[in-house]
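# An overview of the molecular structure
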Amino acid sequence: MTYRFSVRLLLAMFAIALMSIVTASGQAPKKAAAPAAKTSVPKTPWGDPDLQGVWNDATSTPLQRPGTVGAKDVLTDEEAEEFQQQLAFDLSRDRRDGGAATDVNRAYNEHWMDSRRLKITADRRTSLIVDPPDGRMPPLVPLSPEREKARVARGAANARFNAGLPDHYLDMSLPVRCIIRTDLVPYLPTIYNNDFQIVQSPGYVVIAPEMTHSARVIPLDGRPHLNKNLKQWLGDSRGHWEGNTLVVETTNFRADDGGVFQNANPETFHITERFSRVDAKTINYEFRIEDEKTWTKPWTAVIPWTKIDPEEQMYEYACHEDNYDIVHFLSGARAREKRGETK
Amino acid sequence: MRKNFRVSITVIVVAVAIATFSLAVISITGQQRAPAAQASPSTAYRPKRMADGHPDLNGIWQAMVTANWDLQDHDAQAGPHPEIMGAYGAGPAGQSIVEGGEIPYQAWALQKKKQNFEKRAMVDVSNDKKWHEIGDPEIKCYMPGVPRITYMPFPFQIVQGSGSAILMAYEFASATRIVRMNYKQEAPTPSWMGWSRGRWEGDTLVVDVSGFREETWFDRAGDFHSDELHVIERYTAMSPYHLMYEATIEDPKVYTRPWKISFPLYRRMEKNIQLLEFKCVPFTEEMLYSRFNKKAGN
């Protein structure tokens, strides 16, 4: 689909090569002094819990519980194996049962699939959502006429795009336009590039998502949020520690189409994220979303973040710089119109 | 309306190019000095230190130079669209931040720089091959590379803690750099912001940056480099309120010798200062893509 992804493959190959070199050289990068108890969370020299490193949130466990598992929230080992296989099968894998166009598309995607994206969470949950207990987003409240209109318009734009006939660059979603990708909270796993690098300094935690390169600087000094008049694509974050947990509140989202998660209402959308170090290799990432103008009640999800090998690195993800997609989609649509392929 | 607009852009760009060409001719006859031996700026200042004993460079910093318009001496100048932008598009005058005043281009490269300048406000994404050929990457909101990101007229934040990386977060285009400290591995692949590896030399943070994409420019004057660009940056605290920034720039494909720039970075002192978003992609889409939209009546 785009050339930029081929860079990713090279990087993946390089990373694999790198790891082999390290292994071959016989170095033992493991630190001797592993924490004896899980409760001893490492601390920075200035006393904050230390969350630093590169973390990966890939999993196949879906945000919402699929109907196929009924009401089960946690599976047995045996059920989990079957669940994982089915999810992996459904995740646009290389197959030969969808017709030529679909099969080629899936085979292409297979190329980029992060293998970590094919595994369910270690606790064998059937959904990332833990509350409500049915593992699904609560029902929507009736939307205002303006929002309903915007939702219908967005649906029509998506339909044009999916049919390969976008009218306008604004018919593309924000990720296709390289404005925001997995850097919009809440952070959710996707097909590739699920890395997040955390760097801390006194008074700050900074989270740099791989896609795309926008470091989220979170002040911890108790300062107020930006004035309500200032809006940002990724909002405005403030953090504080509750014990060893980093708690982050984010507000001031833009009202642009797709500028808030699931097109929630930017004025009332309220997200609280909690980052807790569970052990040397795991952060528990929990987020709670509340928006009385969008969902009938608040909901909460938990995603494990796993520390990647210290020799693995997070690389630059450039998106807009080589975004041939938009030109190709639009000029392809114009060419199809010329040939009369408008439906 | 848009067609007329394009035509007038061309006229103005040509006019500005002629003016600049004359300036460039004057400047290449000027004297060139070899860069001084590499040494950190002398300072009696003893910076605040981190737990590891290294100077604390944390903060939000910003350059006050006008090098983003031109690294070398430049007069105040009209922007590329004065017929609609008036004084809004104009650039300030500024003194060269290049040691010795001039960038030591090879002859062919000086010609290329002039061509870059002439086409700095033009874009053509109609075919993949020509995608990066013309136009200042800044006008397209591409990541500006190093050192340009440091003298963009936007703040950036140094995040220095106890880990193996120092992070630099930039307001412009939400660009980010991870400076890997004492890291041996070479760049795995070219990137826009380059591959940054840091070390301390005394109280100076030295960052070796390589593995660049060749497409970035240094300024709106068309100053450029190749994929062999190698930048060595030096950050030295001079007071609680300013750092000295130096960068040595090597590229044997483009210059006759390494050259050096330097300027101070000032701490942003406003209460509750923070980086804000400058996600400029949406500001470029009309320019880049509108010609591919469905036209009324099509």
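The structure reproduced in this document is the subject of the present report. Just so it is clear, the structure is predicted and the values come from calculations on it, not from any experiment.

Within chain B one finds 5 helices and 9 strands. Reading chain B from its N end, one meets helices and strands in the order α-β-α-α-α-β-β-β-β-β-β-β-β-α. When the 298 residues of chain B are sorted by exposure, 39% land in the buried category. Within chain B, contacts between residues separated by at least 24 positions form 61% of all contacts whose residues are at least 6 apart in sequence.

This part covers helix α3 (residues 107-118) of chain B. Residues and elements named next belong to chain B. With 12 residues, α3 extends 17 Å between its outermost C-alpha atoms, agreeing within 8% with the 16 Å of an ideal straight helix rising 1.5 Å per residue. Those residues of α3 not exposed but buried are Ala109, Lys113, Asn116 and Phe117. Seen along its axis, α3 keeps its buried residues to an arc of 95°; they face one direction. Turned more than 90 degrees from where α3 packs its buried face, Ala107, Trp108 and Gln111 sit exposed.

Right, let's talk about the interface of chain A and chain B for a bit. Of the residues lining the interface, 41 residues belong to chain A; the matching set on chain B comes to 39 residues. Within the residue set of the side of chain A that touches chain B, elements represented by two or more residues are α1 (4-24), β3 (195-201), β4 (204-209), β5 (216-219) and α5 (324-338) of chain A. When residues of the side of chain A that touches chain B are assigned to their parent elements, the largest contribution, 7 residues, is made by α5 of chain A.

Residue and element names in this part refer to chain B. Among the 6 residues that make up strand β3 (residues 165-170), 6 are buried, leaving the element largely enclosed by the rest of the structure. The pairing of strand β2 (residues 156-159) with β3 spans 4 bridges and is classified as antiparallel. Looking at β3, one finds that Gln157 is bridged to Ala169. Where β3 meets strand β4 (residues 176-181), 5 bridges bridge the pair, whose relative direction is antiparallel. Bridged to Ala165 within β4 is Arg180. Adjacent in sequence and paired antiparallel, β3 and β4 are bridged by 5 residues, among which Ala173 carries a positive phi angle near 60°.

The subject of this paragraph is the sheet that holds strand β5 (residues 195-201) of chain B. Ordered in space as β1-β2-β3-β4-β5-β6-β7-β8-β9 (chain B), the 9 strands form a closed barrel in which the pairing is mixed. Looking at each pair of strands side by side, their axes are set apart by 30° on average, direction ignored.

Inspection of the sheet shows β4 of chain B paired to β5 of chain B by 3 bridges, in the parallel sense. The residue bridging Arg180 of chain B from the neighbouring strand is Arg197 of chain B, located in β5 of chain B.

Turning our attention to unusual backbone geometry. Residues and elements named next belong to chain A. Omega for the peptide link from Asp131 to Pro132 comes to 5°, which places this bond in the cis form. One can find Pro132 in the loop between β2 (129-131) and α4 (145-162). Unlike most non-glycine residues, Gln262 shows phi in positive territory, near 55°. Position of Gln262 among the secondary structure elements: in the loop between β7 (245-251) and β8 (270-279). Not every positive phi belongs to a glycine, and Asn263 is a case in point at roughly 55°. Examined against the element boundaries, Asn263 turns out to sit in the loop between β7 and β8. The exposure class of Asn263 is partly exposed, given the 18 C-beta atoms found within 10 Å.

Scoring rules and cut-offs
- Residues numbered from 1 in each chain as written.
- Chains lettered and ligands numbered in written order.
- Predicted model: local features only at pLDDT ≥ 70, side-chain atom pairs only at ≥ 80, totals over all residues.
- Helix = DSSP H or I, 4+ residues; strand = E, 2+ residues; numbered from the N terminus.
- Buried ≥ 20, exposed ≤ 12 C-beta atoms within 10 Å, placed from the backbone.
- Contact = placed C-beta atoms within 7 Å.
- Expected span 1.5 Å × (residues − 1).
- Arc of directions from axis to C-beta.
- Pairing = 2+ DSSP bridges.
- Axes fitted to C-alpha atoms, helices over the stretch in contact; angles between N-to-C directions.

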